[in-house]
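# Understanding the architecture of this molecule
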Amino acid sequence: MRHLPYFCRGQVVRGFGRGSKQLGIPTANFPEQVVDNLPADVSTGIYYGWASVGSGDVHKMVVSIGWNPYYKNTKKSMETHIMHTFEEDFYGEILNVAIVGYLRPEKNFDSLVQGTRENAVVNKDALRCLKCNKLSQYLKHRASSMSA
Ligand SMILES: Nc1ncnc2c1ncn2[C@@H]1O[C@H](COP(=O)(O)OP(=O)(O)OP(=O)(O)O)[C@@H](O)[C@H]1O
Ligand SMILES: Cc1cc2nc3c(=O)[nH]c(=O)nc-3n(C[C@H](O)[C@H](O)[C@H](O)CO)c2cc1C
Ligand SMILES: [Mg+2]
């Protein structure tokens, strides 16, 4: 994306409910409005960056933007997997994300097992890319000033 880092926020909505169960990675889904507001020339694929829920702590994240070719979705989605274990679900809360970099295009997995493996690889890549935490501090500041 030409527009990186890209900041956006929105309410976490329910998707198809298959992110965590099938691929082992829960993804907080943004509503259509947030997806429609992405720059028109955004490349679909998997990105990494920082995220916070409400005014909570900032965590590393990976975000998938696109049509999930494995599931043949007809509507573009934007789903964030936060690299943190939460005590409970946070549907309805405001998710803040700062997308920092691009990792890979979306793939059409041969199987769910392959999908799970690929996601473990991409999560590791994201952690390697996210060593600098300057943007994390920026997101924390921006999220708290917006909810004040
Ligand atoms: N580490 C995490 N990252 C993202 N979401 C999490 C995390 N831990 C718990 N959740 C919760 O899990 C929900 C996402 O679960 P999941 O992706 O399985 O379902 P869904 O978003 O409703 O549907 P879909 O499978 O279409 O994405 C989030 O909305 C959030 O409330
Ligand atoms: C890190 C990450 C990588 C993903 N990679 C793909 C992919 O390559 N192909 C795909 O169809 N879906 C991919 N997805 C989306 C996945 O299919 C989606 O989260 C589930 O279908 C739940 O909606 C990815 C999601 C995440 C969080
Ligand atoms: Mg999801």
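A brief look at the structure comes next. Note that the coordinates shown come from a computational prediction; the quantities given were computed from them, not determined experimentally.

Basis of the calculations
- Residues numbered from 1 in each chain as written.
- Chains lettered and ligands numbered in written order.
- Predicted model: local features only at pLDDT ≥ 70, side-chain atom pairs only at ≥ 80, totals over all residues.
- Heavy atoms only, no water.
- Pairing = 2+ DSSP bridges.
- Helix = DSSP H or I, 4+ residues; strand = E, 2+ residues; numbered from the N terminus.
- Near = heavy atom within 4 Å.
- Polar contact = N/O pair within 3.5 Å; in protein donor to acceptor, adjacent residues only side chain to side chain.
- Areas by Shrake-Rupley, 256 points an atom, 1.4 Å probe, with all protein chains shown as cover.
- Nonpolar A, V, L, I, M, F, W, Y, C, P; charged D, E, K, R; others polar.
- Donors = N, O, S within 2.8 Å, 3.2 Å for Na, K, Ca; no water.
- Tetrahedral: all angles 85-135°; square planar, octahedral: opposite > 155°, others 65-115°.
- Buried < 20%, exposed > 50% of the residue type's maximum accessible area, 1.4 Å probe, protein only.
- Phe/Tyr/Trp six-rings, centres within 6.5 Å; stacked < 30°, edge-to-face > 60°.

### Description of the sheet that holds strand β5 (residues 77–82)
Reading across the sheet, the six strands line up as β1-β6-β3-β4-β5-β2 and stay open at both edges, with antiparallel pairing between neighbours. Each edge of the sheet is formed by a strand with only one pairing partner; in this case those strands are β1 (6–11) and β2 (28–29). In the sheet, strand β4 (residues 58–66) pairs with β5 via six bridges, with the strands oriented antiparallel. The residue bridging I65 from the neighbouring strand is M78, located in β5.

### Some details on the site of ligand 2
In the vicinity of ligand 2 there are 20 residues, among which Y70, E79, R104, K107 and N119 approach most closely. In this structure, an oxygen atom belonging to ligand 2 sits 2.6 Å away from a side-chain N or O atom of E79. Alone, ligand 2 offers 540 Å² of accessible surface; in the complex the protein occludes 99% of this. Only α1 (19–23), β4, β5 and α3 (112–129) provide two or more residues apiece to the shell around ligand 2. Tallied by class, the residues present in the shell around ligand 2 amount to nine nonpolar, six polar and five charged.

### Observations concerning the coordination of the magnesium ion (ligand 3)
Perfect tetrahedral coordination of a metal by four donors corresponds to 109.5 degrees between them, and perfect octahedral coordination by six donors corresponds to 90 or 180 degrees. Ligation of the magnesium ion (ligand 3) by protein atoms is provided by T27 (O), T27 (OG1) and N29 (OD1), these donors lying 2.1 to 2.2 Å from the ion. The site at the magnesium ion (ligand 3) holds six donor atoms, and with the angles between them running 79 to 174°, its shape is octahedral. What makes T27 partly exposed here is its relative accessible area of 22%. Judged by its relative accessible area of 15%, N29 falls in the buried class.

### Looking at the packing of aromatic side chains
Here the structure, examined in full by the defined rule, presents two aromatic pairs. Note on Y47 and Y102: the rings are 5.0 Å apart at their centroids and 75° apart in plane angle, and the pair reads as edge-to-face. Of this pair, Y47 sits in strand β3 (residues 45–53) while Y102 sits in strand β6 (residues 94–104), placing them 55 residues apart in sequence. With a relative accessible area of 0%, Y47 lands in the buried category. The interplanar angle of 55° and the centroid separation of 4.8 Å between the aromatic rings of F86 and F90 together place this pair among those described as tilted. What makes F86 partly exposed here is its relative accessible area of 31%. A relative accessible area of 15% means that F90 is categorised as buried.

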